[in-house]
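# Summary of structural features
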Amino acid sequence: MTDAAALARWTELAASPEYVLLDGFHALKHALRFGAEVPVVLTSDRPGVRALAADLAPDVAAPLDTLLVDVPRAALRALLPRLHATEVAGLARRPRAVDHLARVAASESPTVLLDNPRNLGNVGAVVRLCAGFGAAGVLTTGDLDPWHPNALRGGAGLHFAVPVERVTPDQIPTGRGPLLALDPEGENLHAVDIPPHAVLAFGSERQGLSASVRARADALVAIPMRPGVSSFNLATSVGMALFHWQGTHS
């Protein structure tokens, strides 16, 4: 593909809600490793990208190299909110929600529910944690799109390693396992066994759990915290809960 054709293809796909931005080498690495459909990749530093792939991701070096199209730095910069230090970006097809929800339902691992999160960077960080721990998926309620470019940047392309979807309250998976809501008034996490199919609900950074999710919870669970400290960071809380689950079910 010529650079002119690649730039035209980029412009066409970037306008579609079916495609999402992979910003930088690590996002591309993970997306390709976990089976993303990536039709176009642009770079203004092919030697640098090849060196990174050879050093950090030899398993995807060959497919990535076939996708790379060289474009001037100014042209690449004009297409992006900001040019990543690795000078490479791609577009990937966003998975279908129905497929992701089916994968969540079939998993034996806990599902993480972010109840109306307000910080896209936190959403991305939670995706990385859930991918690393092997959680069933990341579901969000509220108006933020968990596939927003800022969340994808924070997730380093690992949205393709674990199901990630925004859901309505009636789509929250219940019935197969308990809904455990993280709340300071709950039972100490150290004394709680997180069973398969559990849904772990975490409130927003501003207001905590919504009244509707709290009311639906089968139990409230608290992460021990020093008196006087208001709260843990959202992603940190998710990480501690999943680490506890992993430690009791490994």
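These numbers were taken from a predicted model, which means no experiment stands behind them.

## Regarding the UniProt feature "domain: tRNA/rRNA methyltransferase SpoU type" (unreviewed entry) in the protein
- What UniProt calls "domain: tRNA/rRNA methyltransferase SpoU type" (unreviewed entry) maps, in this numbering, to residues 111–243.
- Here residues 111–243 runs as 28% helix and 22% strand, with 14 Å between its end C-alpha atoms.

## Observations concerning the sheet that holds strand β7 (residues 164–166)
- In space, the six strands of this open sheet follow the order β7-β6-β5-β9-β8-β10, with parallel pairing throughout. Edge strands, defined here as strands with exactly one partner in the open sheet, are β7 and β10 (219–222). Strand-to-strand twist in this sheet, taken as the mean axis angle between neighbours without regard to direction, amounts to 35°.
- Across three bridges, strand β8 (residues 179–188) lies against strand β9 (residues 199–202) in parallel orientation. Within β9, the position partnered with L179 by the bridge is V199.
- The sheet strands contacting helix α7 (residues 120–133) are β5 (111–114), β6 (137–140) and β7, and the helix crosses β5 at an angle near 175°.
- On the sheet, helix α10 (residues 234–249) packs against β5 and β9 and is oriented at approximately 155° with respect to β9.

## Digging into the side chain of K29
- With respect to the helices and strands, K29 occurs in helix α2 (residues 25–33).
- An unpaired buried charge is present at K29: no salt bridge exists, and D59, the closest side chain of opposite charge, is 8.0 Å distant.
- Discounting chain neighbours no more than four positions away, the residues touching K29 are L56, A57 and V60.

## A short note on the nonpolar core
- Of all hydrophobic cores here, the largest spans 52 residues; its most connected members are L114, V126, C130, F202, V238 and L242.
- In this structure, A6, L13, L42 and A89 belong to the second largest nonpolar core, which totals 14 residues.

## Some details on the packing of aromatic side chains
- Applying the stated criterion across every chain, the model contains one aromatic pair.
- On the basis of an interplanar angle of 80° and a centroid distance of 5.3 Å, the ring pair of W147 and F160 is categorised as edge-to-face. In this pair, W147 sits in the loop between β6 and α8 (149–155) while F160 sits in the loop between α8 and β7, placing the two residues 13 residues apart along the sequence. Exposure class is identical for W147 and F160. Each is buried.

## With respect to a nonpolar patch on the surface
- Together, M225, V229 and F232 make up an exposed nonpolar region whose accessible area comes to about 210 Å².
- When you line up the elements, V229 lands in the loop between β10 and α10.

Cut-offs used in this document
The residue count restarts for each chain, going from 1 along the sequence in the order it is written. pLDDT decides what is reported in this predicted model: residues at 70 or higher carry local features, side-chain atom pairs at 80 or more are listed and counted, and totals for whole chains, interfaces and linings draw on all residues regardless. Each side-chain value is derived from all of the structure's non-hydrogen atoms; neither hydrogens nor water enter the calculation. UniProt positions are given in the numbering used here, feature names are shortened, and annotations may be inferred rather than shown by experiment. Helix and strand assignments come from DSSP, with helices taken as H or I runs of at least 4 residues and strands as E runs of at least 2, each series counted from the N terminus. DSSP-based pairing: two strands are paired if at least 2 bridges between them are found. The convention used is that axes are lines fitted to C-alpha atoms, helices contributing only their stretch in contact, and that angles between N-to-C directions extend from 0 to 180 degrees. Two residues form a contact once any of their heavy atoms are found within 4.5 Å. Buried means the residue's accessible area, taken with a 1.4 Å probe over protein chains only, is under 20% of the maximum for its type, while exposed means over 50%, and partly exposed covers the values in between. For the charge count, each Lys or Arg is scored as positive and each Asp or Glu as negative, with His and the chain ends excluded. We define a salt bridge as a contact between a side-chain nitrogen of Lys or Arg and a carboxyl oxygen of Asp or Glu at a distance within 4 Å. Think of a nonpolar core as a cluster: buried Ala, Val, Leu, Ile, Met, Phe, Trp, Tyr and Cys residues, connected wherever their side-chain atoms sit within 4.5 Å. Each aromatic pair joins two rings of Phe, Tyr and Trp (for Trp, the six-membered one) with centres within 6.5 Å, and gets the label stacked for planes under 30 degrees apart, edge-to-face for over 60, and tilted for any other angle. Grouping into patches uses exposed residues only, defined as over 30% relative accessible area, and leaves out salt-bridged ones; the cut-off is 9 Å for like charges and 5 Å for nonpolar side chains (Val, Leu, Ile, Met, Phe, Trp, Tyr). The Shrake-Rupley method, run with a 1.4 Å probe sphere, supplies the accessible areas, and residue values consider only the shown protein chains as cover.

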